[in-house]
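Close look at the chain arrangement
What follows is the residue order along each chain.
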Amino acid sequence: MTLVKIAYASNTGNTEGISEYLEEAFEELGVDVEREEAGDIDSDFFEDADIAIVATFTDGDGEIPFDFEDFYEEIVDEDLDGKLFAVVGSGDSELYPDYFCQAAFSFEETLLKAGATKAHETLTIENDAESDDIEKINKLAKEVIEQLS
Ligand SMILES: Cc1cc2nc3c(=O)[nH]c(=O)nc-3n(C[C@H](O)[C@H](O)[C@H](O)COP(=O)(O)O)c2cc1C
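Let me sum up the structure you'll find in this document. Note that residues are indexed from 1 along each chain, following the sequence as it is written. In keeping with the predicted nature of the model, local features appear solely for residues at pLDDT of at least 70, side-chain atom pairs appear and are counted solely at 80 or more, and the whole-chain, interface and lining totals rest on all residues. Side-chain metrics rest on all non-hydrogen atoms present in the structure, leaving aside hydrogens and water.

Some thoughts on the pairing of strand 1 (residues 3-8)
For a regular strand, the rule is simple: side chains alternate between the two faces of the sheet. Our working rule: Between buried and exposed lies partly exposed: a residue is buried under 20% and exposed over 50% of the maximum accessible area for its type, with that area taken using a 1.4 Å probe on protein chains only. Numbering goes from the N terminus for both helices and strands, where a helix is a DSSP run of H or I of at least four residues and a strand is a run of E of at least two. When DSSP finds at least two bridges between two strands, those strands are taken to pair. With its strands directed away from the observer, a crossover is right-handed exactly when the path from the first strand over the helix to the second travels clockwise.
Across the six residues that make up strand 1, a large majority, six, are buried. Going residue by residue along strand 1, you find L3, K5 and A7 tucked away on one face and V4, I6 and Y8 tucked away on the opposite face as well. Sheet topology places strand 1 next to strand 2 (residues 32-37); six bridges connect them, and they run parallel. Looking at the pairing, K5 lines up with E34 of strand 2. For the crossover from strand 1 across helix 1 (residues 14-28) to strand 2, the handedness is right-handed. In the sheet, strand 1 pairs with strand 3 (residues 51-57) via five bridges, with the strands oriented parallel. The residue of strand 3 that forms the bridge with A7 is V54.

Observations concerning the packing of aromatic side chains
Which entries qualify depends on this criterion: Aromatic rings from Phe, Tyr and Trp, with only the six-membered ring used for Trp, were paired whenever their centres fell within 6.5 Å, and each pair was classed as stacked if the ring planes differed by under 30 degrees, edge-to-face if by over 60, and tilted otherwise.
Summed over all chains, the structure comprises seven aromatic pairs. Between F45 and F46 the ring centres are 5.6 Å apart and the planes differ by 85 degrees, which places this aromatic pair in the edge-to-face class. A ring pair is formed by F71 and F107, whose centres lie 6.3 Å apart and whose planes are at 40 degrees; its orientation type is tilted. Pair noted here: F71 is in helix 2 (residues 69-75) and F107 is in helix 3 (residues 102-113), with a separation of 36 residues, a long-range link.

A word on the site of the ligand
Quick reminder of the rule: For this purpose, a residue is taken to be near a molecule or strand whenever a single non-hydrogen atom of the residue falls within 4 Å of it. The definition of a polar contact used here is a pair of N or O atoms within 3.5 Å, where within protein one atom must be able to donate a hydrogen and the other to accept one, and adjacent residues in sequence count solely through side-chain atom pairs. Computed by Shrake-Rupley with a 1.4 Å probe, the accessible areas treat only the displayed protein chains as cover when residues are assessed. Basically, the charged four are Asp, Glu, Lys and Arg, the nonpolar ten are Ala, Val, Leu, Ile, Met, Phe, Trp, Tyr, Cys and Pro, and anything else, Gly included, counts as polar.
Around the ligand there are 20 residues in total, and S10, T12, T15, G60 and S90 lie nearest to it. Between D92 and the ligand, the recorded distance is 3.1 Å, taken from a backbone N or O atom to an oxygen atom. Between an oxygen atom of the ligand and a main-chain N or O atom of C101, the distance comes to 2.9 Å. Against a free-state accessible area of 640 Å², the protein chains account for coverage of 80% of the ligand. Of the residues that constitute the shell around the ligand, the class distribution is five nonpolar, 12 polar and three charged.

Let's talk about the environment of D98
With respect to the helices and strands, D98 occurs in the loop between strand 4 (84-91) and helix 3. With a relative accessible area of 67%, D98 lands in the exposed category.

Some remarks on a negative patch on the surface
Keep this limit in mind: The patch calculation keeps residues exceeding 30% relative accessible area without a salt bridge and links them within 9 Å when they carry like charges or within 5 Å when they are nonpolar (Val, Leu, Ile, Met, Phe, Trp, Tyr). Whenever Lys or Arg places a side-chain nitrogen within 4 Å of a carboxyl oxygen from Asp or Glu, that contact is recorded as a salt bridge. In this tally, Lys and Arg are treated as positive and Asp and Glu as negative; His is ignored, and so are the chain termini. One atom stands in for each charge, and that atom is NZ of Lys, CZ of Arg, CG of Asp or CD of Glu.
Taken together, the side chains of E16, E37, D40, D59, D61, E63, D67, E69, D70, E73 and D98 define an acidic patch exposed on the protein surface. Top element by residues in the negative patch is helix 2. It accounts for three residues. Structurally, E69 is set in helix 2.

Okay, structure coming up:
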């Protein structure tokens, strides 16, 4: 059975909500899903995952959220050859136009450097997910799963 693992960090709930939509989208497709908070995981998160999804907001000026920092730094030293991943970011383009969803793009870059394979273009969401974002999340899940077959 395919296992999709979702790691998320969220301060005010937007990204948590996005991670729940992701969980529902993958479950609808009939795969096993595990959803975990960033503070509860380390780099072995990837070991048993067929697909790893990172859902992150952006903090500071383009910074990785505190809860993801350790995990992010550990990935740099990992060999993630053969692992499929996708990143979903939540940010605020009005308040932070120069750093919109920068943490999501930093994750994408670091996962690629560690040898993982991008299963979908990084999806960016303006704060909390609205109905068009949920459609994009459902589409992402479908396209990611199609890559396994
Ligand atoms: C202190 C602070 C810094 C932020 N910095 C950025 C940023 O650099 N880029 C961005 O796109 N959004 C930034 N944001 C916006 C949040 O990433 C955005 O509101 C997000 O939806 C919060 O997710 P959460 O509800 O899961 O915590 C910042 C928000 C706060 C409070």
